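Descriptive analysis of the structure
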Amino acid sequence: MHSSKAGALGRLVSLAWALRSDGPRWFFSPHGLSFLQRAEGRLKNGIFLTIEKILAGVPVTFIACSKSEGEEIRRHLSGNVVVVNNAVDLSKIPPANALTPQSPVPTPRRLRIGTVGRVCLGA
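Please read these numbers as outputs of a predicted model, since none were measured by experiment.

**Description of the overall build of the protein**
- For the protein, the helix and strand inventory stands at three helices and five strands.
- Each helix and strand of the protein, placed in order from N terminus to C terminus, yields the pattern α-β-α-β-α-β-β-β.
- The long-range fraction of contacts in the protein, counting pairs at least 24 apart against all pairs at least 6 apart in sequence, stands at 49%.
- In the form shown here, the protein has an accessible surface area of approximately 9000 Å², with 60% of it arising from carbon and sulfur atoms.

Given below as structure tokens:
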């Protein structure tokens, strides 16, 4: 499950299998905890946190995308969290080389890495 809405709905659905040992395992990767959003205001964040705390009793494994997100999950919701860092270690990427019409041998060129995502105020 990914996102707060899908995570909430998915955790509710998972209750049907919560007591079965042979049921599926459920994972929730929020990638931006709803109750930490600065743009929403204190009242909404309090409501979001209350909902998340209620749903934290549902047996799922949280997957955090950073160490700080993992710490927030542990502090507010559950100790059952795994951190899978989504950062890029640039030292592990080999230099980019290219053949150009002007040069028949590979020449160094600047490497650019892009990402797509939602831009918003962070925690």
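**Focus on helix H2 (residues 42–55)**
- Between its terminal C-alpha atoms H2 stretches 20 Å, which fits the 20 Å expected from 14 residues at 1.5 Å a residue.
- Of the positions making up H2, those classed as buried are Asn 45, Leu 49, Glu 52 and Leu 55. Taken around the axis of H2, the buried residues stretch over an arc of 125°, which confines them to a single face. Residues of H2 that are exposed and angled more than 90 degrees away from the buried face: Leu 43 and Ile 54.

What counts and how
Residues numbered from 1 in each chain as written. Predicted model: local features only at pLDDT ≥ 70, side-chain atom pairs only at ≥ 80, totals over all residues. Heavy atoms only, no water. Helix = DSSP H or I, 4+ residues; strand = E, 2+ residues; numbered from the N terminus. Contact = heavy atoms within 4.5 Å. Areas by Shrake-Rupley, 256 points an atom, 1.4 Å probe, with all protein chains shown as cover. Expected span 1.5 Å × (residues − 1). Buried < 20%, exposed > 50% of the residue type's maximum accessible area, 1.4 Å probe, protein only. Arc of directions from axis to C-beta.

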